[in-house]
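Descriptive structure summary
Here is how the chains run, residue by residue.
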Amino acid sequence: MINFDFLTEKTIENLVQLIRIDTTNPPGNELPAVIWIRDLLAREGIPAGDMVILESAPGRANLVARLRGDGSQPPLLLSGHVDVVPVEPKFWTHDPFGGEVVDGCVWGRGTADMKGFLSMYMSVFIQARQQGLPLKRDLILAAIADEEAGFEHGSQFLVEQHRDLIAAEYGLTESGGLTAYMGKKRVYPIQVAEKSVCWLRASTFGQPGHGSMPHEDNAVLHLAKALERLRRAGHLPIHLTPTVRRMLDSLAENLGFPLGVVLGLMRSPALAGVLLRMLPVEQRPLFIAWLSNSVSPTVLQAGSKSNVIPSEASVHLDCRLLPGQKPEDVIRELSAVMGRQVKLEPLTTSTGAEFPVDTPLYRLMEKALKQMDGEGITFPLLMPGATDASLYQRAGIKVYGFTPGILPPEISLTKMAHAHDERLPVSFFRSGLPALWQVVSEICCA
Ligand SMILES: [Zn+2]
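Residues numbered from 1 in each chain as written. Predicted model: local features only at pLDDT ≥ 70, side-chain atom pairs only at ≥ 80, totals over all residues. Heavy atoms only, no water.

**Brief notes about the coordination of the zinc ion**
For the zinc ion, the full set of protein donor atoms is H81 (NE2), D113 (OD), E174 (OE) and E174 (OE), and the range of their distances to it is 1.8 to 2.2 Å. Within one chain, the residues serving as donors to the zinc ion are arranged as H-x31-D-x60-E. One end of the pair, H81, is in strand 3 (residues 76–81); the other, D113, is in helix 3 (residues 111–130), and 32 residues separate them in sequence. Note on D113: relative accessible area 8%, which makes it buried. (Donors = N, O, S within 2.8 Å, 3.2 Å for Na, K, Ca; no water. Helix = DSSP H or I, 4+ residues; strand = E, 2+ residues; numbered from the N terminus. Buried < 20%, exposed > 50% of the residue type's maximum accessible area, 1.4 Å probe, protein only.)

Here is the structure:
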């Protein structure tokens, strides 16, 4: 039997130590954190020969540790990034790198993204060793670099250069299985899909000239009109991906009137456009992200001198594509809205991911969440942003976001990740560790 109170204490202790090691990315400098984790695992009995630290660049380090199973099933990977985003200390109530436990919460940068979840993975990994679990799969723990600034030194490095060390059937990483609130209902999204990144440059052209002699064929005005057409459109065409369809099925079934009914009707692409406009303003961006290729104009460029009409104007468009959609698809959609005279060219693209939900691991996660919170509603989540899951997908690993636990309404993950006063309640870890343990031990021993 596992003493989950004790395990919670150990998890918090380890988290506090990790917060105190500054891994702000850039520059990252994950090496001291990774060494600290290796030494902890060594103290807890993990043989030195089953751990390796891999540096992708000076100071940019990844730890891969392994518990050996009997080899009858392929491995399970638990992956957590140790880097964190920068802080503005003047906005914090407590030292962002102090690791203080105040008012029942652990405070500090990385608590919710994702040193807190990595600490849970570490605890479960150590327990699996100490309980002598009869593993059918190898259980791999990866503490990795560079999730917050492009993946290059972390998951990308591991997938491209050390694939054999992380090869697995399944992976768990951030984030899913944490409480979110829809009205008064508690919901538990499990991340199973991610949008891909497609940054474009949109350019317009016109006649150059002297600023004292305005004319109609002005590249800046053309660009302004194209952007206004984009604004008026509201969003690009609706596409219903398998993950989002499943999500709407679950919410329609469980949420009741009125939101459940509205979300049920959204399964018809013809109605979805109209219904999006009926959603509360604060919920609209998320649903637009789930149902369409999204686009945000970001960097504007035109002209170099106040009295010269430029011949060219451009804007960067941060587009996020649904699983299955390609850059040429969003270019076609944008061209239809912004006008054919706008030149659209890709700057950066990445691959997204969509993993199946009809797997034993997914069903185990659903079961564990039901036991954690009998009234909670579980559904598969399409993440609008990108995490390490998209990179691991290249290695053929089915990756789910699963870092379970119960959160109160005022501490949602979306309010905490990358925010001032990032923190998680101790009660979150106490509620989530049994669920994580159940899933990991069952999938590894079944
Ligand atoms: Zn993260």
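**Thoughts on helix 11 (residues 327–338)**
Look at helix 11: 16 Å from first C-alpha to last across 12 residues, which is about the 16 Å you get at 1.5 Å a residue. Buried within helix 11 we find D329, V330, E333, L334, S335 and M338. In this structure, the buried side of helix 11 is in contact with strand 10 (196–205), helix 6 (219–233), strand 12 (294–302), strand 14 (312–321) and strand 15 (343–349). One or two steps after helix 11, the chain reaches G339, where phi turns positive at roughly 110 degrees. (Expected span 1.5 Å × (residues − 1). Contact = heavy atoms within 4.5 Å.)

**Brief notes about the packing of aromatic side chains**
Scanning the entire structure with this criterion turns up 6 aromatic pairs. Both rings, one in F428 and one in F429, keep their centres 5.2 Å apart while their planes meet at 85 degrees; by these two values the pair is edge-to-face. Neither F428 nor F429 differs from the other in exposure class; each is buried. Pairwise contacts between aromatic rings join Y170, F355, Y362 and Y400 into one cluster. Across the ring face of W107, the terminal group of R423 is positioned such that the distance to the ring centre comes to 4.7 Å. (Phe/Tyr/Trp six-rings, centres within 6.5 Å; stacked < 30°, edge-to-face > 60°. Lys NZ or Arg CZ within 6 Å of the ring centre and 35° of its normal.)

**What to know about the sheet that holds strand 14**
Taken together, the 4 strands give an open sheet; going across it, the order is 12-14-10-15, and neighbouring strands pair in antiparallel fashion. Single-partner strands in this sheet number two, and they are strand 12 and strand 15. For this sheet, the mean angle separating the axes of adjacent strands, direction not counted, is 25 degrees. Along the sheet, helix 6 makes contact with strand 10, strand 12 and strand 14, crossing strand 14 at roughly 25 degrees. (Pairing = 2+ DSSP bridges. Axes fitted to C-alpha atoms, helices over the stretch in contact; angles between N-to-C directions.)

**A word on the domain arrangement of the chain**
Splitting the chain by domain gives domain 1 (4–185 + 354–445) and domain 2 (195–349). Its C-alpha centre places domain 1 at a distance of 33 Å from the equivalent point of domain 2. Domain 1 puts 13 residues into the contact, and the matching count from domain 2 is 17 residues. Of the roughly 1600 Å² buried where domain 1 meets domain 2, counting both sides, 71% is carbon and sulfur surface. Taken together, the connections running from domain 1 to domain 2 amount to 0 salt bridges. Take the side of domain 1 that touches domain 2: its biggest share by element is 7 residues, from strand 17 (residues 377–383). Split by residue class, the side of domain 1 that touches domain 2 holds 9 nonpolar, 2 polar and 2 charged. (Domains from an automatic or database assignment. Buried area = accessible area lost by both parts, 1.4 Å probe. Salt bridge = Lys/Arg side-chain N within 4 Å of Asp/Glu carboxyl O. Nonpolar A, V, L, I, M, F, W, Y, C, P; charged D, E, K, R; others polar.)

**Focus: helix 6**
Structurally, the α-helix is built with 3.6 residues per turn, so residues lying three or four positions apart point the same way. Relative to the 21 Å expected for 15 residues at 1.5 Å per residue, helix 6 spans 21 Å between its end C-alpha atoms, a close match to the ideal helical length. Within the sequence span of helix 6, burial applies to A219, H222, L223, A226 and L230. One side of helix 6 holds all its buried residues, which, seen down the axis, span an arc of 100 degrees. In helix 6, those exposed residues whose orientation departs by more than 90 degrees from the buried face are R231 and R232. Considering only its buried residues, helix 6 is in contact with strand 10, strand 12, strand 14 and helix 11. N-capping of helix 6 is provided by N218, with a side-chain oxygen placed 2.8 Å from the backbone N of V220. Positive phi shows up at G234, right after helix 6, with a value of about 85 degrees. (Arc of directions from axis to C-beta. Polar contact = N/O pair within 3.5 Å; in protein donor to acceptor, adjacent residues only side chain to side chain.)

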